[in-house]
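An overview of the molecular structure
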Amino acid sequence: DSIHYHKASPLFTLWLVQLVTIASFSFYELLNFLKSVVSGLKRIQSLFLFLASVAAFLIFFFPIWAAKVSAQWSFFVSETEIVSFSVKDEFWLQVLAGAISGISFLSILLFKKRMYLLLLGWFNILLVFVFFTVTYFVSKKLDVPMVRDMITVIPKLGTYLPLITIVLTLLANFFIWKDEKLVRS
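As a starting point, this report considers the structure included with it. (Residues numbered from 1 in each chain as written. Predicted model: local features only at pLDDT ≥ 70, side-chain atom pairs only at ≥ 80, totals over all residues. Heavy atoms only, no water.)

Some points on the overall build of the chain
In terms of helices and strands, the chain carries 5 helices and 5 strands. The order of helices and strands in the chain, counted from the N terminus, is α-α-β-β-β-β-α-α-β-α. Within the span of the chain, comprising 185 residues, buried residues form 29% of the whole. Nonlocal contacts in the chain, meaning residues at least 24 apart in sequence, comprise 77% of its contacts between residues at least 6 apart. Of the roughly 13000 Å² of accessible surface on the chain, a fraction of 71% belongs to carbon and sulfur atoms. (Helix = DSSP H or I, 4+ residues; strand = E, 2+ residues; numbered from the N terminus. Buried < 20%, exposed > 50% of the residue type's maximum accessible area, 1.4 Å probe, protein only. Contact = heavy atoms within 4.5 Å. Areas by Shrake-Rupley, 256 points an atom, 1.4 Å probe, with all protein chains shown as cover.)

What about the side chain of serine 86?
Within the fold, serine 86 resides in the loop between β4 (81-85) and α3 (91-109). Leaving out residues up to four positions away in the same chain, serine 86 has contacts with Phe62, Pro63 and Ile64.

As for the environment of arginine 43
Relative to the assigned elements, arginine 43 resides in the loop between α1 (10-40) and α2 (44-58). On the basis of relative accessible area, arginine 43 is assigned to the partly exposed category, the value being 31%. For the pair arginine 43 and phenylalanine 175, spaced 132 residues apart in sequence, the C-alpha separation works out to 8.3 Å. Leaving out residues up to four positions away in the same chain, arginine 43 has contacts with Phe111 and Asp179.

As for the side chain of asparagine 173
Along the chain, asparagine 173 turns up in helix α5 (residues 157-184). Excluding residues within four positions of it along the chain, asparagine 173 makes contact with Leu117, Leu118, Gly121, Trp122 and Ile125.

So, empty space enclosed by the protein
Picture a little ball the size of a water molecule; that probe, rolled over the atoms, points out where space is still empty. Tallying each qualifying case throughout the model produces 1 cavity of 30 Å³ or more. A volume near 40 Å³ is recorded for the largest cavity. Arg43, Gln45, Ser46, Leu49, Ser107, Ile108, Phe111 and Leu117 are the residues that line the largest cavity. When contributions to the lining of the largest cavity are tallied by element, the ones reaching two or more residues are α2 and α3. Here the lining of the largest cavity takes 3 residues from α2, the largest share from any one element. Its residues placed into classes, the lining of the largest cavity shows 4 nonpolar, 3 polar and 1 charged. (1 Å grid on protein atoms, 1.4 Å probe; cavity = no way out; pocket = protein on both sides within 12 Å on 5 of 7 lines; lining within 4 Å. Points joined across faces, edges and corners; volume = space filled by probe spheres on them. Nonpolar A, V, L, I, M, F, W, Y, C, P; charged D, E, K, R; others polar.)

Structural notes on the packing of aromatic side chains
This model, assessed by the stated rule, comprises 7 aromatic pairs. Judged by centre distance (5.7 Å) and plane angle (20°), the ring pair of phenylalanine 48 and phenylalanine 175 falls under stacked. Placement of phenylalanine 48 in helix α2 and of phenylalanine 175 in helix α5 is noted, with a sequence separation of 127 residues between them. For phenylalanine 175, a relative accessible area of 22% puts it in the partly exposed group. (Phe/Tyr/Trp six-rings, centres within 6.5 Å; stacked < 30°, edge-to-face > 60°.)

Remarks on the nonpolar core
Ranked by size, the top nonpolar core spans 21 residues in total, and within it Ile64, Val87 and Phe131 carry the most contacts. When contributions to this core are tallied by element, the ones reaching two or more residues are α2, β1 (65-69), α3, α4 (114-140) and α5. Discounting chain neighbours no more than four positions away, the residues touching valine 87 are Ile59, Phe60, Ile64, Leu93, Gln94, Ala97 and Phe131. Counting residues in hydrophobic clusters, the runner-up holds 6 residues, among them Phe48, Ala52, Ile108 and Ala172. (Core = buried A, V, L, I, M, F, W, Y, C linked by side-chain atoms within 4.5 Å.)

Re the packing of α3 against α4
Look at α3 against α4: their axes get within 10 Å of each other, and the N-to-C directions meet at 160°. Relative to α4, the element α3 lies roughly antiparallel. Note that α3 runs across α4; the crossing there is left-handed. Contacts between α3 and α4 pair Trp92, Leu93, Leu96, Ala97, Ala99, Ile100, Ile103, Ser104 and Ser107 from the former with Leu117, Leu120, Phe123, Asn124, Leu127, Val128, Val130, Phe131, Val134 and Thr135 from the latter. (Axes fitted to C-alpha atoms, helices over the stretch in contact; angles between N-to-C directions. Parallel < 35°, antiparallel > 145°, perpendicular 65-115°, else oblique. Left-handed = near helix turned anticlockwise from the far one by under 90°.)

Below, the structure is given as structure tokens:
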């Protein structure tokens, strides 16, 4: 019942060659496009700010954490249930994630005012820490002492996206400061 490569039909082989050729050509064109975009950017901090904005925007689409809930009785272990938590579940997290993404994107447009960019970058990092704090307190609402031993929290991609946003914003701030020092000298 399994497919073996040595038993593949010539039609399948032809299809596979076409698929690999199209995928290779598409990948080559994508690399050329990305090279042209990156070479078109005069300042690397714009790329970091754009990636930080994308990472902050992706927080809306990925869960922050999931909890495996398993109830145990004497000799019987019930099925585990996955309960996930995302930004969509809490209004203030939506507001903060939108503000973080918006400030990162707005910073790209204000590239001529470097000191203002630095201030916005640090403010954005502060907002990410506020985001983590609100996430912590929202998750504490679900902490019930009677079932604390039955819950295992699993961090998901939405947990790491704000950290990526912080790192990218710090990198952007580093290069903005480097530009500012170059202009002042």
